Each structure stands twice: as structure tokens, then as C-alpha cells.
Amino acid sequence: MADTVAAQFEAEALPHLDTLYRVALRLTNEPAAADDLVQDTMLRALKAWKSFQTGSNARAWLVTILRNQFISGWRSRKRAPTQVDMDAIPEPPDTGDPDPEGRFFSEIIDEEVIRAINDLPDEFREVVVLSDLEELPYAEIAMALDIPVGTVKSRLFRARRILQGRLRRYAEETGIIPSTGEDA
Amino acid sequence: MTDLPYECEAVLNKLDALRRGELTHDEISTMQAHMEVCQRCLSIERYERAFLARLKAMGSPPCPEALRTRVSAALARSAHEA
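Remember, it's a predicted structure, so these values are computed and weren't measured experimentally.

Cut-off values and rules
- Residues numbered from 1 in each chain as written.
- Chains lettered and ligands numbered in written order.
- Predicted model: local features only at pLDDT ≥ 70, side-chain atom pairs only at ≥ 80, totals over all residues.
- Heavy atoms only, no water.
- Helix = DSSP H or I, 4+ residues; strand = E, 2+ residues; numbered from the N terminus.
- Buried < 20%, exposed > 50% of the residue type's maximum accessible area, 1.4 Å probe, protein only.
- Contact = heavy atoms within 4.5 Å.
- Areas by Shrake-Rupley, 256 points an atom, 1.4 Å probe, with all protein chains shown as cover.
- Polar contact = N/O pair within 3.5 Å; in protein donor to acceptor, adjacent residues only side chain to side chain.
- 1 Å grid on protein atoms, 1.4 Å probe; cavity = no way out; pocket = protein on both sides within 12 Å on 5 of 7 lines; lining within 4 Å.
- Points joined across faces, edges and corners; volume = space filled by probe spheres on them.
- Nonpolar A, V, L, I, M, F, W, Y, C, P; charged D, E, K, R; others polar.
- Phe/Tyr/Trp six-rings, centres within 6.5 Å; stacked < 30°, edge-to-face > 60°.
- Lys NZ or Arg CZ within 6 Å of the ring centre and 35° of its normal.
- Axes fitted to C-alpha atoms, helices over the stretch in contact; angles between N-to-C directions.
- Parallel < 35°, antiparallel > 145°, perpendicular 65-115°, else oblique.
- Left-handed = near helix turned anticlockwise from the far one by under 90°.
- Expected span 1.5 Å × (residues − 1).
- Arc of directions from axis to C-beta.

(A) Spotlight on the overall build of chain A. Across its full length, chain A carries nine helices and zero strands. In chain A, the order of α-helices and β-strands from amino to carboxyl end is α-α-α-α-α-α-α-α-α. Counting only residues that meet the buried cut, chain A has 51% of its 184 residues in that class. Taking all contacts inside chain A whose residues are at least 6 apart in sequence as the whole, residues at least 24 apart take part in 71%. In the structure as shown, chain A presents an accessible area of about 8600 Å², 49% of it carried by carbon and sulfur atoms.

What follows is the structure, given as C-alpha cells:
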């Protein structure tokens, strides 16, 4: 009996290990911690398998468990949340360059992009990770995070603006694009 | 969303749908007409397109084999203890 349950669980859950690993990596920002978080998530999910309704979305269910594990056991070990100006929308630079973002993204390093995502407050980081890195549909993100689709969209919009401001500042500071002299 | 003008908010709300090819010709025309005169929305649209392309180009690391093996072993132990 136990073997049958375990086999059913593994058939549904193991195909999502890549997604769970990447989400865990971005939530914890530490490979060793991500490994532990994924293992904890899978063990918790196996124990809760009876509550999973066959035919519903296993990936969203697993992401929910991973996120809950992260919040209860991992987030408290992290730094204090970053303070952000919630209404900051960067004004477009007036540099005469028709496509400054396209140009700076070709020169900016991967580590800076990842660092900018890592520095987002948790509620913004998780929507960026699930939507923009993992490309989950809004409805699935809403299910995983237990928030309305409209909240997913608005958090994603704000998260992208925070990243935009941060990456533009980096690009200006490193001379990839000319400084606009703005604080945005 | 924010304190943006209604027209801007309507356009920015549909940027993902635009990129996913989910809009009608009329909706696309309306958005394009707005972005021709709104530098802020055009800038945001260009930024998001470049940002998402950049993330895609960075690739997606798979779950390491060692972790896969470790998880399978932990699940087997847990199933047998249950």
C-alpha cells in the first residue's frame, strides 16, 4: 500500500523537481539551502499526498508547499526585507538613445540580474521567479501563492519597475548607459 | 496599479498579453497608437521585452542529479517508515 502511494506521488511530483529546485534557489539564494528546502518540500508533500486532489495542478500544489516551508523555516534566517518605494516608476531616460534597455541588457552581467532579483522583497521576488523565470501562467501563480490573479499582475508590475530602476542605476554607474542624473 | 493615467494603466496591463499574442488587431493598434505618443509606456514596454529576453538567454539550471538521488532516497525511507 505504502509503495503504491509512494509510486503515485513520485509519478506526479518528481517531474516538477527542476521547477522546485530553481524556485528554491531563488528564494534562498544558497544552493545548499535550496537542496534542503526541496527535500523538506518533497517529504512534506508525500505526507500530505492524501489531501492532493487527483487531476488538479500538482506543480502549483508543490510550489505552495515549498513556499510555506520557506516562510516557516527559511525566511527567518534571511536578511531584513529590503525597503522599497512602492510607487517608484522610473521616468524614461532622455539620452537620445532609442533603446537604452536593449543595449544595457546586452552588456549587463548575469550575476547583476540575479542579484537584483534576489534583493527584491519576498512577495515581489516570488512572482518574478514564478512568472518571468519559470513562465507559469497567472492562474497557476495565483493558486500557488493563494492570491487573486489581479494581485499577481499588480505585484509583477511593481516588481519589474523595482528591477528596472535597480538595473538602470547599475547600468549608469558602470557606464553602460549615460547617466540621466535622476534618482529613479 | 499605480497613480498612472487611465490610458497608461490600460496599456501596461496588457503588455504581457501583447507579448503572448493574445490581443486582437484592434487592441494592438490602440496600444501602438498610445505608445507612439507616450514615452513612458514605450520605455516600459521596451524594458520588459529586453528583460524577459535576457532572462530567457540566461537559461534554467536543472535540479542537480545529486539532489534528485537524495530526494528519491529520502522519499523511499519516508514511505517505508509510514
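Continuing now.
(B) Seen up close, the environment of A:D110. For A:D110, the location among the structural elements is in helix α6 (residues 110–118). Residue classification places A:D110 among the partly exposed positions, given a relative accessible area of 33%. Those residues in contact with A:D110 that lie beyond four places of it in its chain are B:R54 and B:M58. Reaching out from A:D110, the side chain makes a polar contact with the side chain of B:R54 at a distance of 2.2 Å.

(C) Highlighting empty space enclosed by the protein. Residue and element names in this part refer to chain A. Using the criterion set out here, one finds two cavities of 30 Å³ or more in the structure. The calculated volume of the second largest cavity comes to roughly 40 Å³. What lines the second largest cavity is simply V23, L27, V63, R67, E126, V129, L130 and L145. Of all the elements in the fold, those that place two or more residues in the lining of the second largest cavity are α2 (17–28), α4 (58–74) and α7 (122–133). Grouping the constituent residues of the lining of the second largest cavity by class yields six nonpolar, no polar and two charged.

(D) The side chain of A:T19, seen in detail. Tracing the chain through its elements places A:T19 in helix α2. Judged by its relative accessible area of 9%, A:T19 falls in the buried class.

(E) Summary view of the packing of aromatic side chains. All names here are of chain A. If you walk through the whole model with that rule in mind, you get five aromatic pairs over all chains. Where W49 meets F52, the ring centres are 4.8 Å apart and the plane angle is 10 degrees; that geometry is what we call stacked. Considered together, W49 and F52 belong to a single accessibility category, that of buried residues. Between W49 and W61, the ring centres sit 5.7 Å apart and the planes meet at 65 degrees, which makes this aromatic pair edge-to-face. With W49 in the loop between α3 (31–47) and α4 and W61 in helix α4, this pair connects stretches of sequence that are 12 residues apart. Aromatic ring contacts, followed pair by pair, group F9, W49, F52 and W61 into a single cluster. The residue whose ring lies beneath R161 is F157, and the NZ or CZ to ring-centre distance is 4.9 Å.

(F) Structural context of the packing of α7(A) against helix α8 (residues 138–145) of chain A. Residue and element names in this part refer to chain A. Where α7 meets α8, the closest approach of the two axes is 10 Å, and the angle between their N-to-C directions is 140 degrees. By the criterion of interaxial angle, the relationship of α7 to α8 is oblique. Considering only the axes of α7 and α8, their crossing is right-handed. Side by side, α7 and α8 meet where E126, V127, L130 and S131 of the first sit next to Y138, I141 and L145 of the second.

(G) The arrangement of helix α3 (residues 25–37) of chain B in detail. Residue and element names in this part refer to chain B. The terminal C-alpha atoms of α3 lie 19 Å apart, and with 13 residues this matches the ideal 18 Å at 1.5 Å per residue to within 8%. Residues M31, H34 and M35 constitute the buried set of α3. On an axial view of α3, the arc spanned by its buried residues comes to 95 degrees, and they lie on one face. In α3, those exposed residues whose orientation departs by more than 90 degrees from the buried face are H25, D26, E36 and V37. Tucked into the core, α3 has its buried residues touching α1 (6–13), α2 (15–19) and α4 (39–58).

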